[in-house]
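Residue-level structure breakdown
Each chain, written out:
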Amino acid sequence: MASSSLALKASSATSVDRTGDCLEAARSAIEGRFLEVGDVLSRAVDGMSALITALDRMKESLDGDSVATAARELGQASDTLRQLPQSLEGRFENLSGLVKVGADLTKCIEEMHKHLAYLRVFGVNIKITSGGIAAAGPEFAIFAQEICDCIELGRTQLDTFRADLGTLDGDLRQALGQEADLARRCDELLPAVPDSLVAQVAAITAHQARIGEISQQVAGLAREVRKKVASALAALQIGDITRQRIEHVQFGLSLLDAPEVRALPAEACARLETFLRRLLIAQLDATTRDFRRDVSRIGLNVGAMAADASEILRLRDHAEGQGGEGNFLRGLEANVAKAFALVDDIEAGERSAEAVSRSASRSARDLAAQVAAIQNMRADVQMMAMNTTLKCSRIGETGKPLGVIAIELRQHAAHLETSAGHTLAALESLFGSTTEEEISETEDLAPQVSAASAAAEALRHAVERIRKTGDEVEGDLAQAADQGGQVVAMLRQAAARFDFDRQVGGYLDEALELLARNLGDDDRIDDLAAILAPLMAKLSRTYTMAQEREVHAPFADQVGEVPELNPHAQPPAAQSDDDVFF
């Protein structure tokens, strides 16, 4: 019998040692794993706060009137762009009129050239005919030579006139071609470009409104998740509670090795150990059940929070997906660049038209002076022809042939006068067009140039305003998306590491199994109360949880022990699961 008790005592000692190892492993796992998860959840709370701050800041940016103001400015600039071709129509008509005047002048030059050719022929005929009339003498030959020289001078002036007119016509036709090219450019870009600008600003406005809507939803979700995470963090006190209860069981195991227990006979020692082990089994079983229940709830809720928080990633998807602010701005800036180029072309065309107009004005004055010189030459020829007629009448019958030629000379000089009059009329038309053009440049065209410049400036301001707001929103969006991604990663990490049932519960189960192994059937303690009472009093003083005292009470009643309360013990809290586990 004594041998059997010794064997049982040795087996029990081994079981207690192994139980202590399991309890220590469970306690260490709780300290490590709960601390780690608590740190993750604590950082998740801070991350949620930073995310909410970023979302609130982004909402302030989106609630401002920057985009609305930019949209209004850009709409006004687009309307101005649509009206710019009206100035092209007027310039094209003016240039076309100048080219037509040039064509009319060319006809006048041909007529004047023809009349000068006739005049030269008649001048040569006077010279030849006078040579056959003895009474004419050398005076007619000299006179005829003067007529020919005067006509030749007129032809030279007319050729210069024709060259100058050709240069002017080339400049006008070149300007007309530029205006036609500019008109084609306008047809290509207007109203497509301003319409695209307005559409893109509307798209940006809608995009930012969508971001604002999402950010508001996510901010509300983030606030709710932050509350739940904070509650979960508070609920993690189950780890500290379990650790303390394990330590109390460990203390109870140490009582089995107390000197007064070792001094007992083997049979009495076995009965006392059986009683205490039953108490420790009850405490550890209650601890394990409470731990599993609470940890399971916390784990499920943390997993649900991780799933809920995944909605936060919509911000990141929106930031990194299609239709981001950067894409909108690139399209907007591309169209604004086209608009700038068109405005530059229109302003260059206006400057070119002004230069051509002034050149035409100067050329008209120069050509008028040349025609005036030809008219003076015509007057000289007519005077010479009249003098020839008078001299021929004095010569008599032999001078009649010269008189006929002189009359023809006077008549063609009159034709030259008519052509010169037509030429001056055309020049006056040209001069009048250019003068009117110059007046329009100073009165009407200047506001159009200003309008084009104002449109370009308005576009520049609008795009800069949109870019600035877009950069702010994109920056806040990227920060919020990154912060949200970190928070979600933390919550997923916490959920993945919440396998405390396997990490801690396994040790507790093994400890329970070891405590129950080789447990004796004889639990009589009537003769052991004097030893058990102080031992159980020591154990009860370690309790910090009401649940422990409740488990302890039935065993204390069997011993007749009045437990001494731990001054640091926590009273039972009357709260629901929702209060503790959100």
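Residues numbered from 1 in each chain as written. Predicted model: local features only at pLDDT ≥ 70, side-chain atom pairs only at ≥ 80, totals over all residues. Heavy atoms only, no water.

Summing up its helical and strand segments, the protein has 15 helices and zero strands in all. Per-residue burial over the protein gives 44% buried out of 582 residues. Here the protein has roughly 27,200 Å² of accessible surface; of this, 53% comes from carbon and sulfur atoms. (Helix = DSSP H or I, 4+ residues; strand = E, 2+ residues; numbered from the N terminus. Buried < 20%, exposed > 50% of the residue type's maximum accessible area, 1.4 Å probe, protein only. Areas by Shrake-Rupley, 256 points an atom, 1.4 Å probe, with all protein chains shown as cover.)

We now examine the pattern of salt bridges. Scanning the entire structure with this criterion turns up 20 salt bridges. Residues Lys227 and Glu224 are paired through a salt bridge, measuring 3.9 Å at the closest nitrogen-oxygen approach. Highlighted residues: Lys227 and Glu224, both in helix H5 (residues 192–235), separated by three residues, approximately one helical turn. The class of Lys227 is exposed, set by a relative accessible area of 54%. Overall, Glu224 belongs to the partly exposed group, its relative accessible area being 42%. Where Glu247 meets Arg243, a salt bridge forms, and the shortest distance between an N and an O atom there is 2.8 Å. Note that Glu247 and Arg243 are positioned in helix H6 (residues 237–255) at a spacing of four residues, about one turn of the helix. The exposure class assigned to Glu247 is partly exposed, which follows from its relative accessible area of 28%. Each of Glu24, Arg27, Glu31, Asp240, Arg243 and Glu247 takes part in a single network of salt bridges with overlapping partners. (Salt bridge = Lys/Arg side-chain N within 4 Å of Asp/Glu carboxyl O.)

A few words now on the nonpolar core. Counting 82 residues, the largest nonpolar core has Met48 and Leu491 as its most contacted members. Counting residues per element, the ones that place at least two in this core are helix H1 (2–63), H5, H6, helix H8 (266–309), helix H11 (400–496), helix H12 (500–516), helix H13 (529–542) and helix H14 (546–559). Among the elements that make up this core, the one with the highest residue count is H1 (19 residues). Aside from chain neighbours lying at most four places away, what touches Leu491 is Leu41, Ala44, Met48, Val225, Val229, Val302, Met305, Ala306 and Ala309. Cys150, Ile405, Leu416 and Leu427 belong to the second-largest nonpolar core, a separate cluster that totals 30 residues. (Core = buried A, V, L, I, M, F, W, Y, C linked by side-chain atoms within 4.5 Å. Contact = heavy atoms within 4.5 Å.)

On to a nonpolar patch on the surface. On the surface, Met383, Met386 and Leu390 cluster together into a nonpolar patch covering about 280 Å² of accessible area. On the secondary structure map, Leu390 appears in helix H10 (residues 325–395). Its relative accessible area of 47% is what places Leu390 among the partly exposed residues. (Patch = residues over 30% accessible without salt bridge, like charges linked within 9 Å, V, L, I, M, F, W, Y side chains within 5 Å.)

The next subject is the confidence of the model for the protein. Of all residues in the protein, 84% have pLDDT values of 70 or greater, and the mean over the chain is 76. Predicted confidence is poor over residues 1–8, with pLDDT under 50, and the contacts of this stretch with residues over four places away or in other chains come to two contacts. Low pLDDT, under 50, characterises residues 435–449; the stretch is placed with 19 contacts to residues that sit more than four places away or in other chains. (pLDDT = per-residue confidence, 0-100.)

What follows is about the packing of H8 against H14. Two elements in contact, H8 and H14, have axes whose closest approach is 9 Å; the angle formed by their N-to-C orientations is 160 degrees. When the interaxial angle is binned, H8 and H14 end up roughly antiparallel. In this structure, H8 meets H14 at a crossing whose hand is right-handed. Two secondary-structure elements touch here, H8 through Phe275, Arg278, Leu279, Ala282, Gln283, Ala286 and Asp290 and H14 through Gln547, Glu548, Val551, His552, Phe555, Gln558 and Val559. Of the residues in the contact of H8 with H14, the class split is seven nonpolar, four polar and three charged. (Axes fitted to C-alpha atoms, helices over the stretch in contact; angles between N-to-C directions. Parallel < 35°, antiparallel > 145°, perpendicular 65-115°, else oblique. Left-handed = near helix turned anticlockwise from the far one by under 90°. Nonpolar A, V, L, I, M, F, W, Y, C, P; charged D, E, K, R; others polar.)

By the definition in use, this model includes two aromatic pairs. Residues Phe34 and Phe291 carry aromatic rings whose centres are separated by 6.1 Å and whose planes lie at 50 degrees to one another, so their mutual orientation is tilted. Residue Phe34 is located in helix H1, and its partner Phe291 is located in helix H8; the two are separated by 257 residues in the primary sequence. Each member of the pair, Phe34 together with Phe291, is buried. Where Phe275 meets Phe555, the ring centres are 5.7 Å apart and the plane angle is 75 degrees; that geometry is what we call edge-to-face. In this pair, Phe275 sits in helix H8 while Phe555 sits in helix H14, placing the two residues 280 residues apart along the sequence. Both residues of the pair, Phe275 and Phe555, belong to the buried class. (Phe/Tyr/Trp six-rings, centres within 6.5 Å; stacked < 30°, edge-to-face > 60°.)

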